[in-house]
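As a plain string of letters, each chain reads:
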Amino acid sequence: MTIIQAIILAVVEGLTEFLPISSTAHMKFTNPIIGVASTPFSDMFEIVIQLAAILAVVVVYYKKFFDFSRFSFYIKLVIALIPAIVVGVLLKKHIDTALGNLYFVAGVMIGGGILFLFADNWFKTPRIDDEQQVTNRNAFVIGCYQILSIVLPGFSRSAATILGGMSQTLTRKAAAEFSFFLAVPTMLAASVKSFWDVHKEHPDVLNRENASLLGLSSLVCFFVAIIVIRFFIGFLKKYGFKPWGYYRIIVGLVMLILLWRGML
């Protein structure tokens, strides 16, 4: 992986991690387009670079994350994380198979896009506009929605958790913010596991050159993610899911065409 390739992937990750358009799908298709072969380091890179996006959330919402007087905030995140951990362990083989099937990922992109065209009409009576009003039960249900992004690579973790929040009468703003908060333990757990699994089989995977690439790309991803986080809530409040639905359908169809033509 070259510096240019690493920076491109960092920008893609930063742009797509918190938008309801699936960073997984974009990374899986960007790799072959820019000529990045599947190696232990590139596979780990896709997951571990998410740590930069995690840091962006913590920085933007630092008052929330470091307010230790509100212990219930951390409890809610742990409760919401439990379903993803259980399903991730039980269905690991299915998840690995689905991730390797680009036709499946493209199909999920299109299917999710069609779903988003109508999603705004389903949740018209929001009542919760602040994380403090979210109950433990609300948090668990949102965590269950997150399972969609695990068993259906390409659906989008952000989209799944925002929809889950809106199903629990959270406003778009509150649902998006809780999605950001939940991303921190979720992505941290996934990054640590990915690094550990690759390191066990390839102890030298993070040599000096690879570490430099990961460090530089993480810095780029961090700043891009901060911009996206600040932009997305306002956009979602104003326009809802429909624009993202059209985007997903178009991108999914382009992915299928490239696959059919043997260009990926």
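Notes on the structure in this doc start here.

Calculation notes
Residues numbered from 1 in each chain as written. Predicted model: local features only at pLDDT ≥ 70, side-chain atom pairs only at ≥ 80, totals over all residues. Heavy atoms only, no water. Helix = DSSP H or I, 4+ residues; strand = E, 2+ residues; numbered from the N terminus. Rg over C-alpha atoms; globule rule 2.2 N^0.38 Å. Buried < 20%, exposed > 50% of the residue type's maximum accessible area, 1.4 Å probe, protein only. Contact = heavy atoms within 4.5 Å. Areas by Shrake-Rupley, 256 points an atom, 1.4 Å probe, with all protein chains shown as cover. Lys, Arg positive; Asp, Glu negative; His and termini not counted. Charge placed at Lys NZ, Arg CZ, Asp CG, Glu CD. Expected span 1.5 Å × (residues − 1). Patch = residues over 30% accessible without salt bridge, like charges linked within 9 Å, V, L, I, M, F, W, Y side chains within 5 Å. Salt bridge = Lys/Arg side-chain N within 4 Å of Asp/Glu carboxyl O. Core = buried A, V, L, I, M, F, W, Y, C linked by side-chain atoms within 4.5 Å. Bend = angle between axes of the 7 residues up to and from the residue. Polar contact = N/O pair within 3.5 Å; in protein donor to acceptor, adjacent residues only side chain to side chain. Axes fitted to C-alpha atoms, helices over the stretch in contact; angles between N-to-C directions. Parallel < 35°, antiparallel > 145°, perpendicular 65-115°, else oblique. Left-handed = near helix turned anticlockwise from the far one by under 90°.

**Concerning the overall build of the protein**
Now for step 1: Of the regular secondary structure elements, the protein holds 13 helices and zero strands.
Now for step 2: When the helices and strands of the protein are placed in sequence order, the string is α-α-α-α-α-α-α-α-α-α-α-α-α.
Now for step 3: The C-alpha radius of gyration computed for the protein amounts to 18 Å, which stays within 12% of the reference 18 Å derived for 264 residues, consistent with globular compactness.
Now for step 4: The buried share among the 264 residues of the protein stands at 53%.
Now for step 5: Across the protein, contacts joining residues at least 24 apart in sequence account for 80% of those joining residues at least 6 apart.
Now for step 6: Accessible area for the protein stands at about 12500 Å²; split by element, carbon and sulfur atoms hold 68% of it.
Now for step 7: For the protein, the separation between the mean place of its 22 positive charges and that of its 15 negative charges on side chains is 9 Å.

**Notes on unusual backbone geometry**
Now for step 1: If you check the backbone angles, serine 22 has positive phi at about 75° while not being a glycine.
Now for step 2: With respect to the helices and strands, serine 22 occurs in the loop between helix 1 (3-16) and helix 2 (23-33).
Now for step 3: In the Ramachandran plot, threonine 169 falls in the positive-phi region, its phi being about 70° despite a non-glycine side chain.
Now for step 4: Topologically, threonine 169 is positioned in the loop between helix 10 (157-167) and helix 11 (172-201).

**Details of helix 1**
Now for step 1: In this model helix 1 runs 20 Å from its N-terminal to its C-terminal C-alpha over 14 residues, within 8% of the 20 Å that 1.5 Å per residue would give.
Now for step 2: What helix 1 keeps buried is the set Gln5, Ala6, Leu9, Ala10, Val12, Glu13, Gly14 and Thr16.
Now for step 3: On its buried side, helix 1 packs onto helix 2, helix 3 (40-48), helix 4 (50-60) and helix 12 (208-239).

**Brief notes about a nonpolar patch on the surface**
Now for step 1: A cluster of nonpolar residues, Val78, Ile82, Val86, Leu90 and Leu91, forms a patch on the protein surface that exposes about 440 Å² of accessible area.
Now for step 2: Its location among the elements puts isoleucine 82 in helix 6 (residues 71-90).
Now for step 3: Exposure remark for isoleucine 82: the relative accessible area of 42% places this residue in the partly exposed category.

**Details of the pattern of salt bridges**
Now for step 1: Inspection of the entire model under this criterion finds seven salt bridges.
Now for step 2: Notably, a salt bridge pairs glutamate 131 with lysine 76, separated by 3.1 Å at the nearest N-O pair. Of the two residues, glutamate 131 is situated in the loop between helix 8 (102-119) and helix 9 (136-151) and lysine 76 in helix 6; the sequence distance between them amounts to 55 residues. The pair glutamate 131 / lysine 76 is uniform in exposure class, with both members buried.
Now for step 3: Each member of the salt-bridge network shares a partner with another, and the members are Lys64, Arg70, Lys76 and Glu131.

**Quick word on the nonpolar core**
Now for step 1: Membership of the largest hydrophobic core comes to 68 residues, with the highest contact counts inside it found for Phe18, Tyr61 and Phe65.
Now for step 2: Top element by residues in this core is helix 12. It accounts for twelve residues.
Now for step 3: Setting aside residues up to four positions removed in sequence, phenylalanine 65 forms contacts with Val57, Val58, Phe73, Tyr74, Leu77, Phe181 and Val184.
Now for step 4: Counting residues in each nonpolar core, the second largest holds eleven residues, with Val105, Ala106, Met109 and Leu256 among its members.

**Describing helix 11**
Now for step 1: The terminal C-alpha atoms of helix 11 lie 43 Å apart, and with 30 residues this matches the ideal 44 Å at 1.5 Å per residue to within 8%.
Now for step 2: The largest bend along helix 11 reaches roughly 30° and is located at alanine 183, with the proline proline 185 sitting one to four residues downstream.

**So, the side chain of serine 22**
Now for step 1: Taking relative accessible area as the criterion, serine 22 reaches 2% and is therefore assigned buried.
Now for step 2: A distance of 3.0 Å separates the side chain of serine 22 from the backbone nitrogen of alanine 25, its partner in a polar contact.

**Quick word on the packing of helix 10 against helix 11**
Now for step 1: Axis separation between helix 10 and helix 11 bottoms out at 8 Å; the angle between their running directions is 130°. The angle between helix 10 and helix 11 places the two elements in the oblique class. Every pair of crossing elements has a handedness; the one defined by helix 10 and helix 11 is right-handed. Facing helix 10, whose interface residues are Arg157, Ser158, Thr161, Ile162, Gly165 and Met166, helix 11 presents Arg172, Ala175, Ala176, Ser179, Leu182, Ala183, Thr186 and Met187.

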